[in-house]
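# Architecture and fold: a report
Listed here are the chains, written in short residue letters.
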Amino acid sequence: MPARLEATNDFVIKFANVNGSGSASANRLFARSFVRMGVPIASRNIFPSNIQGLPTWYEVRVTEAGHLGRRGGVDLMVAMNPQTWDKDVAEIEPGGYLFYDSTRVLPQSKFRPDINVVGMPLTAIVNERYSDPRQRQLFKNIIYVGALASLLGIEIAEVEKLVAEQFRGKDKLIPPNYEALHMGRDYAETHLEGAVGLKVRRADAVGDRIFLEGNDASGLGAVYGGATVCAWYPITPSTSLAEAFTKHCGRFRTDPDGKQRFAIIQAEDELASIGMVIGAAWNGARAFTATSGPGISLMQEFIGLAYFAEVPAVIFDVQRAGPSTGMPTRTQQCDILISAYASHGDTKHVLLFPEDPHECFEFAATAFDLADRLQTPVFVLLDLDIGMNEWLCEPLKWDDARRFDRGKVLTAAELEAGRDFGRYLDVDNDGIPYRTYPGAHPTRGSFFTRGTSRDRYARYTEEGPAYVDNMQRLLRKFETAKSLVPKPIRHDAENASRTGVIYFGSTAPAIREAMEALGSRGIDLDTLRVRAFPFSDDVIDFILSHDQVFVVEQNRDAQLKTLLINEGAIDPARLISVLHYDGTPITARFIIDEVSRRWALLHGAPRKEAAE
Amino acid sequence: MTYLTKPKLHHPKLPQNELGFTRRDYEGAVSTLCAGCGHDSISGAIIQACFELSLPPHRVAKLSGIGCSSKTPTYFLGASHGFNSVHGRMPSVLTGANLANRELIYMGVSGDGDSASIGLGQFAHCIRRGVNMVYIVENNGVYGLTKGQFSATADKGSKSKKGVGNQDSPIDMVSMAVLLGATFVARSFSGDKEQLVPLIKAAIEHRGAAFIDCISPCVAFNNHPDSTKSYDYVRAHNEAVNYLDVIEGRDEITLDQAPGTVELVRQHDGSYLKLRKLAAGYDPTSKIAAMNYLQERHEAGEIVTGLLYLDREAEDMHDRLGTVPTPLNALGEAELCPGSAALAKVNASLR
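All of these numbers come straight from a predicted model, not from anything done at the bench.

Looking now at the environment of S21(A). Residues and elements named next belong to chain A. Tracing the chain through its elements places S21 in the loop between strand 2 (10–18) and helix 1 (23–36). A residue is classified by how much of its surface remains accessible, and S21, at 11% relative accessible area, is buried. For the pair formed by S21 and V552, sequence separation is 531 residues and the distance between their alpha carbons is 37 Å. With residues near it in sequence (within four places) discarded, S21 still touches Q137, L138 and N141.

Pasting the structure below:
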């Protein structure tokens, strides 16, 4: 008899499915039932660049302790895809469980001796009850959800409530789904009693947290931030961001007569997308585009124009693994450098790094204020992990007293009053000039916007001193940006530490989990989550106040580290890279292993290791 | 020479339009193009058209790409905001600007390199979208700023100044515009102000994508005997199908001329265009007839000019999108931000 993993509210289940088989909604139903029982989960789609037929996986980490990063390893595999059977079976932890469709008898060689096999004749059950092939497919998914609910101890009433919510308005679909759910449950109760040692127990660890995708949250944040123009070109994994904006605008920005207080253009390519954003923002609307790495590559020339001509623009980059087409459905943090220095010539751009969907919402709205205030492109760098997975996160917040910061825009009245207007004149000594919207005043305030060099009054010039004067002012403006962008968040270890960790974006939950584990091993580390570029002085001070700083990122070339060294004039010897870039989300296990190994090289064995 | 400012003084008896502006109020900086360049004549025609229509100059936004033609917005409408963007990408910038504020008049100025080569895609798509604009291509068949390379509109067999023959088929922007769904399509010649000025006026008045292909000889690189875009060649082969008068006001109008030579075309908004017809039987409201005629005369080596196609039921991008009448750039928090109560409901739906 193989050993049996026994765990309550702390295990990983993975579903192996075929893309396009309708499994996604059944799996989501399953995942949300844990949340309804007050147990946090972290769920992730692992999917190919494909519409139908290729393998797809869905992973649910059940974690009462609230560890929302990917754990690694699988305790219960729901193997529904014969194509990937061998790989799926191999992935199960020793003592773990394999749930499979036992209609067709498989030879013993297809199993492992050290795992527990739970067979259920799913195909036979659905074929007996349903005749329509599509129904057979869809209800098979619901039947296994019912069986798993029984095996794991999920309250069936919670699943039923979720089914009813899902089909609200299509009420006649509810009873057949209940029936399938109950068929699964009843079979498991009769035939599979006690087959799985993984259990869920009602808890109170979710609080008022919500469950949503970063792309959805970003689209909603753009609505709250006052974006009226969205121009985009479809590209995985950013498409659902533009679609979310469309959905939320339809709900919140449609007049009773059907007229729309927004405009969304699916452009012919990414060049046109960013061109439209720049044209709209030049003309006083808040505008954005959503794209991924290949789109950023295509937008380079226009981004330089917006930087040099000083036109606001908001660019959401939902990063995926590059270079080139790379792995379009896999996650990475690999567009840091191309975004920070986008376009030819000397340029620098503002970057924001949200850690989860809650911050996606917040930073999306903030990005429009920053772009208007600084009159420059602002990048919001999500990644596929945040963008296309539902995360459990703090509820979205909005202060009704908050007003859009439209930046330095001269009104018709100010122009009428005879104020001196030079488009590139640094009146306030912060590097940020004043601008006017086209059509503002009959005789004053017009100027010519161009990508060529100009003087302070926007007149074309190739005079060296005027060019240098302008380029230096752009640097002053970037200096001003340091005090406006979101500050980093520092968390110090209980015991004073000479070693730090810098991380950003979707790495956050894995870092939190890893720091707990490392702390318990006696490896005390201060952490700093960088939330924006340009780096505020706090980031540089953090590095300088530690002997060594681990920089954890999800790319091959240590892009954030490069940026820190370059912009902070940091001695590279102080920084140690921890790099994860295989396209899967970084795990706490990976961070713990990498950090402890290097810690041992630097400091010898950690003080508590022997006690473990 | 942009560093030479034009004297502000002008003759006290210069004619004024309804707004009390003279033609000088529609001018820009002194042109830096070559003496005799067709583009300067087009700038002059734009100035004349805006003056005659009594447009408030600040209600016009002028946008361009890169090239000789794209420099010209500096030389007209000095009181308007201008945007000299990147090569071949004026259409997207103009589209975005139009999305932000549907109330301004958008004038896109481009060249044959800018629109037929690097920017062919953006040209096509902004026409398709029905952006309300005047899109003028100042077409000389040659790259001027880089000294005389062929552009994609150069006719097959025509020769460069250095005597090299062009082997590739030309792109006919007018045929493309008709095919792509432009609702006002015209071709004219920079040397024929009588035809060009009313066409620009009509294009401004038109609500929808208005495209004018304007042959504009390059005196420096493409005005020699083997060119098909020289002053002499265009004058010799210009086959004008009609001349236009723009009738302002929306009142019912009747014709007193003999039918067949003059035609009144009533537009969707109730205004009229008066066409003096030179080619008997040419019907500019028929897309198929226009396309046939253009191909036929092109085969015969002629350059068809005039108002070539007009869709009287034109709609624009905002009609299709269903945007509110208020310009999007004038909406504030109250119209745009749903507030915390709505957000609480969103949160509740995500638990």
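Here the focus is helix 7 (residues 214–224) of chain A. Residue and element names in this part refer to chain A. The element helix 7 is extensively covered by neighbouring structure, given that 11 of its 11 residues are classed as buried. The set of residues buried in helix 7 consists of G214, N215, D216, A217, S218, G219, L220, G221, A222, V223 and Y224. Of the residues trailing helix 7, G226 is marked for its positive phi of about 85 degrees.

All right, on to the side chain of S230(B) then. Residue and element names in this part refer to chain B. Here S230 shows up in the loop between strand 8 (209–215) and helix 8 (231–237). Among the residues examined, S230 registers a relative accessible area of 4% and is labelled buried. Those residues in contact with S230 that lie beyond four places of it in its chain are P217, N222, N223 and H224.

Within a regular beta strand, the side chains point alternately toward one face of the sheet and then the other, so they alternate between its two faces. With 2 bridges connecting them, strand 13 (residues 313–321) of chain A and strand 14 (residues 327–331) of chain A associate as antiparallel partners. Note on strand 14 of chain A: the bridge partner recorded for A321(A) is M327(A).

Attention now moves to the nonpolar core. Counting residues in each nonpolar core, the largest one holds 152 residues, and the members touching the most others are F288(A), I502(A) and F211(B). In terms of residue count, helix 13 (residues 357–374) of chain A provides more of this core than any other element does, 10 residues in total. Counting 58 residues, the second-largest nonpolar core is a separate cluster that includes V118(A), I156(A), L181(A) and F211(A).

With that settled, the discussion passes to the domain arrangement of chain A. Residues and elements named next belong to chain A. Assigned domains within chain A: domain 1 (7–199), domain 2 (212–393), domain 3 (408–485) and domain 4 (489–611). A separation of 35 Å is found between the C-alpha centroids of domain 1 and domain 2. Opposite the 12 residues of domain 1 that make contact, domain 2 presents 10 residues. With both chains or domains summed, domain 1 and domain 2 bury close to 1000 Å², and 49% of this area falls on carbon and sulfur atoms. Counting across the interface, domain 1 meets domain 2 through 2 salt bridges. Where D385 meets R44, a salt bridge forms, and the shortest distance between an N and an O atom there is 2.9 Å. In this structure, the connection of domain 1 to domain 2 is made through 6 residue pairs in polar contact (both at pLDDT 80 or more). Secondary structure elements with two or more residues in the side of domain 1 that touches domain 2: helix 1 and strand 3 (41–46). Residue contributions to the side of domain 1 that touches domain 2 peak at 5 residues, all from strand 3. Grouping the amino acids of the side of domain 1 that touches domain 2 by side-chain chemistry returns 7 nonpolar, 3 polar and 2 charged.

By convention, interface size is frequently given as the accessible area that disappears when the constituent parts associate. If you look at the interface, chain B gives 56 residues, while chain A gives 64 residues. When chain B packs against chain A, the two sides together hide about 5100 Å² of surface, and 63% of this comes from carbon and sulfur. On the chain B side of the interface with chain A, the three residues burying the most area are H81(B), F83(B) and R351(B), jointly 15% of the side's total. Remark: the boundary between chain B and chain A carries 1 salt bridge. Among the salt bridges present, the one from E268(A) reaches R129(B), with a minimum N-O distance of 2.8 Å. Where chain B meets chain A, there are 24 residue pairs in polar contact (both at pLDDT 80 or more). Examining the composition of the side of chain B that touches chain A, we find that 8 residues originate from one element, helix 12 (residues 339–349) of chain B, more than from any other.

Residue and element names in this part refer to chain A. One pass over the full model with this rule turns up 9 cavities of 30 Å³ or more. The computed volume of the largest cavity comes to approximately 100 Å³. In terms of lining residues, the largest cavity is bounded by R44, N45, I46, T329, R330, T331, L384, D385, N389, G583, T584 and P585. Split by residue class, the lining of the largest cavity holds 3 nonpolar, 6 polar and 3 charged. Size it by volume and the second largest cavity reaches roughly 60 Å³. Forming the boundary of the second largest cavity are Y307, K348, V350, L374, T376, L474, K477, F478 and A481. No other element matches the 4 residues that helix 16 (residues 464–482) contributes to the lining of the second largest cavity.

The next thing to look at is the pattern of salt bridges. Residue and element names in this part refer to chain A. The final tally for this structure, using the stated rule, is 62 salt bridges over all chains. As a salt-bridge pair, E359 and R529 come within 2.7 Å of each other at their nearest N and O atoms. Residue E359 is located in helix 13, and its partner R529 is located in strand 21 (residues 526–529); the two are separated by 170 residues in the primary sequence. Neither residue differs from the other here; E359 and R529 are each classed as buried. R373 is the salt-bridge partner of D405, the closest N and O atoms lying 2.9 Å from each other. On the criterion of sequence distance, the pair formed by D405 in the loop between strand 17 (390–393) and helix 15 (412–416) and R373 in helix 13 is long-range, its members being 32 residues apart. Looking at R373, the relative accessible area reads 24%, which means it is partly exposed. Taken together, the shared-partner salt bridges connect R286, D369, D372, R402, R406 and R435 into one network.

What follows covers the sheet that holds strand 11 (residues 262–266) of chain B. All names here are of chain B. A sheet is described by the order of its strands in space; here 3 strands give the open sequence 10-12-11, paired in antiparallel fashion. At either end of the open sheet lies a strand with only one pairing partner, and these are strand 10 (242–247) and strand 11. Shown here is a sheet whose adjacent strand axes are inclined to one another by a mean of 25 degrees, direction ignored. Contacting strand 10 and strand 12 (272–277), helix 7 (residues 193–205) crosses the sheet at an angle of about 50 degrees to strand 10.

Bringing the sheet that holds strand 13 (residues 303–310) of chain B into the picture now. Spatially, the 9 strands line up as an open sheet ordered 18(A)-2(B)-1(B)-3(B)-4(B)-8(B)-7(B)-13(B)-9(B), and their pairing is mixed. Each having just a single partner strand, strand 18 (448–450) of chain A together with strand 9 (238–240) of chain B make up the two edges of the open sheet. Taking the axes of each pair of neighbouring strands and ignoring which way they run, one obtains an average angle of 20 degrees across the sheet. Here strand 4 (residues 133–139) of chain B runs beside strand 8 of chain B; their pairing, made up of 7 bridges, is parallel. Each bridged residue has a counterpart across the sheet, and for Y135(B) the counterpart in strand 8 of chain B is F211(B). Sheet contacts for helix 1 (residues 38–52) of chain B: strand 3 (105–111), strand 4 and strand 8 of chain B; angle to strand 4 of chain B, the most-contacted strand, approximately 155 degrees. Its contacts with the sheet place helix 3 (residues 90–100) of chain B against strand 1 (60–64), strand 2 (81–84), strand 3 and strand 4 of chain B, and it is angled at close to 175 degrees to strand 3 of chain B.

With that out of the way, let us pick up the packing of helix 6 (residues 173–180) of chain B against helix 9 (residues 287–299) of chain B. All names here are of chain B. For the pair helix 6 and helix 9, the least separation of the axes is 10 Å and the interaxial angle reads 160 degrees. In terms of orientation, helix 6 and helix 9 fall into the roughly antiparallel class. Note on packing geometry: the crossing formed by helix 6 with helix 9 is left-handed. Touching V174, S175, V178 and L179 of helix 6 are K287, M291, L294 and Q295, all from helix 9.

On to unusual backbone geometry. In this structure, P237(A) follows T236(A) across a cis peptide bond, with omega equal to 5 degrees. Within the secondary structure, P237(A) sits in the loop between strand 10 (229–232) and helix 8 (239–252). That bond from F533(A) to P534(A) is cis: its omega, 10 degrees, falls within 30 degrees of zero. With respect to the helices, strands and loops of the structure, P534(A) is situated in the loop between strand 22 (532–533) and helix 18 (537–544). For L77(B), which is not glycine, the phi dihedral falls at a positive 50 degrees. Relative to the helices and strands, L77(B) resides in the loop between helix 2 (68–71) and strand 2.

Here we come to the state of the cysteines. On inspection of all chains with the given rule, the structure shows 0 disulfides over all chains. Lacking any disulfide linkage, C334(A) is separated from the closest cysteine sulfur, that of C360(A), by 16 Å. Here C68(B) stays free of any disulfide, with the sulfur of C37(B) as its closest cysteine sulfur at 6.5 Å.

Cut-offs used in this document
Residues numbered from 1 in each chain as written. Chains lettered and ligands numbered in written order. Predicted model: local features only at pLDDT ≥ 70, side-chain atom pairs only at ≥ 80, totals over all residues. Heavy atoms only, no water. Helix = DSSP H or I, 4+ residues; strand = E, 2+ residues; numbered from the N terminus. Buried < 20%, exposed > 50% of the residue type's maximum accessible area, 1.4 Å probe, protein only. Contact = heavy atoms within 4.5 Å. Pairing = 2+ DSSP bridges. Core = buried A, V, L, I, M, F, W, Y, C linked by side-chain atoms within 4.5 Å. Domains from an automatic or database assignment. Buried area = accessible area lost by both parts, 1.4 Å probe. Salt bridge = Lys/Arg side-chain N within 4 Å of Asp/Glu carboxyl O. Polar contact = N/O pair within 3.5 Å; in protein donor to acceptor, adjacent residues only side chain to side chain. Nonpolar A, V, L, I, M, F, W, Y, C, P; charged D, E, K, R; others polar. 1 Å grid on protein atoms, 1.4 Å probe; cavity = no way out; pocket = protein on both sides within 12 Å on 5 of 7 lines; lining within 4 Å. Points joined across faces, edges and corners; volume = space filled by probe spheres on them. Axes fitted to C-alpha atoms, helices over the stretch in contact; angles between N-to-C directions. Parallel < 35°, antiparallel > 145°, perpendicular 65-115°, else oblique. Left-handed = near helix turned anticlockwise from the far one by under 90°. Disulfide = S-S within 2.5 Å.

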